[in-house]
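Secondary and tertiary structure notes
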Amino acid sequence: MNTAQPIKNPEELKHFKNYYKEVKPNTRNYVLLTIGLNTALRISDLLSLQWQQVYDFSKQSFRSHICLVEQKTGKYSQIYMNTNILQALIPYKEFLEREEYIVPEQYLLLSQRKFPLSRSQAWRIVKVAAKDCDIPGVISPHSLRKTFGYHACKQGVQPTLLMDVFNHSSFEVTRRYLGIEQDDRDEVFRNICI
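Overview of the structure.

**Thoughts on the packing of aromatic side chains**
The full count for this structure, using the stated rule, is four aromatic pairs. Aromatic pair Trp 51 and Tyr 92: ring centres 5.8 Å apart, planes at 25°, arrangement stacked. Of this pair, Trp 51 sits in helix α4 (residues 51-54) while Tyr 92 sits in helix α5 (residues 83-99), placing them 41 residues apart in sequence. Each member of the pair, Trp 51 together with Tyr 92, is buried.

Laid out in structure tokens, this is it:
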């Protein structure tokens, strides 16, 4: 199967999301994984984020929400910036400001040559972390989005709300995103004893 899969195992997910913080420190790569796992953004939207979308330069503080028009759907989306996102962005901003001045229109994730990070670079960043963390299956940048959905569902978020979060046109698409397999179905029957 060549379809991107979510990272389901909580222990594997913990190692994966901290890989660029603890194993191979890289603040930009850590921000990429953190925002990807916590926003359910498509990689194209994630890579096009600018500093002005996460930081209010006039108030000199981080915004409460990321606001954007999704490239694929053309729909407006407002995404709450949770604690994990802020805890990744604060040291990243401090690190970048030691090197240079950040401007509002600057892309959040830049390559070493100061160009916007490409999809292929993002793919490599995700693949290296997944491989070094021994995570099985097809793990790609799209896995970040699917992992968000899978764990949100496991934590009790209603599938119809996830359908709205993902901006999907049908529940069938959302169901496939969640990566629900027989072992997940078995768990329902194992835990629901009436």
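**Things to note about the nonpolar core**
Counting residues in each nonpolar core, the largest one holds 41 residues, and the members touching the most others are Phe 16, Leu 32, Trp 51, Leu 89, Leu 108 and Leu 109. The leading source of residues in this core is helix α2 (residues 27-39), at six residues. Discounting residues that sit within four places of it in the chain, Trp 51 has contacts with Phe 57, Phe 62, Leu 89, Tyr 92, Lys 93, Leu 96, Ile 102, Val 103, Pro 104, Gln 106, Tyr 107 and Leu 108. One finds Ala 40, Ala 152, Leu 162 and Phe 166 within the second-largest nonpolar core, a separate group that totals six residues.

**Focus on the pattern of salt bridges**
Taken as a whole, this structure holds four salt bridges when the rule is applied. The salt bridge involving Arg 63 is made with Asp 56; its shortest N-O contact spans 3.8 Å. You can call Asp 56 buried: its relative accessible area is 13%. The salt bridge partner of Lys 114 is Glu 100, with a shortest N-O separation of 3.3 Å. Residue Lys 114 is found in the loop between α5 and α6 (119-132), and its partner Glu 100 is found in the loop between α5 and α6; the two are separated by 14 residues along the sequence. A relative accessible area of 47% means that Lys 114 is categorised as partly exposed. By relative accessible area, which is 27% here, Glu 100 ends up partly exposed.

**A word on empty space enclosed by the protein**
Rolled over the atoms, a probe as big as a water molecule pinpoints where empty space is left. Applying the stated criterion across every chain yields a total of one cavity of 30 Å³ or more. Taken as a whole, the largest cavity spans an internal volume of roughly 30 Å³. Here the lining of the largest cavity takes four residues from helix α7 (residues 141-154), the largest share from any one element. In terms of residue class, the lining of the largest cavity is built from five nonpolar, one polar and two charged.

**Thoughts on the pairing of strand β4 (residues 76-80)**
Residues Ser 77 and Ile 79 point to one face of β4 and are all buried, whereas Tyr 76, Gln 78 and Tyr 80, pointing to the other face, are not buried. Pairing geometry for strand β3 (residues 65-69) and β4, over five bridges, is antiparallel. Bridge pairing links Ile 66 to Ile 79 in β4. Hairpin connection of β3 to β4: six residues between the antiparallel strands, including Gly 74 at a positive phi of 75°.

What counts as what
- Residues numbered from 1 in each chain as written.
- Predicted model: local features only at pLDDT ≥ 70, side-chain atom pairs only at ≥ 80, totals over all residues.
- Heavy atoms only, no water.
- Phe/Tyr/Trp six-rings, centres within 6.5 Å; stacked < 30°, edge-to-face > 60°.
- Helix = DSSP H or I, 4+ residues; strand = E, 2+ residues; numbered from the N terminus.
- Buried < 20%, exposed > 50% of the residue type's maximum accessible area, 1.4 Å probe, protein only.
- Core = buried A, V, L, I, M, F, W, Y, C linked by side-chain atoms within 4.5 Å.
- Contact = heavy atoms within 4.5 Å.
- Salt bridge = Lys/Arg side-chain N within 4 Å of Asp/Glu carboxyl O.
- 1 Å grid on protein atoms, 1.4 Å probe; cavity = no way out; pocket = protein on both sides within 12 Å on 5 of 7 lines; lining within 4 Å.
- Points joined across faces, edges and corners; volume = space filled by probe spheres on them.
- Nonpolar A, V, L, I, M, F, W, Y, C, P; charged D, E, K, R; others polar.
- Pairing = 2+ DSSP bridges.

Shape is all these values report; function is a separate question.
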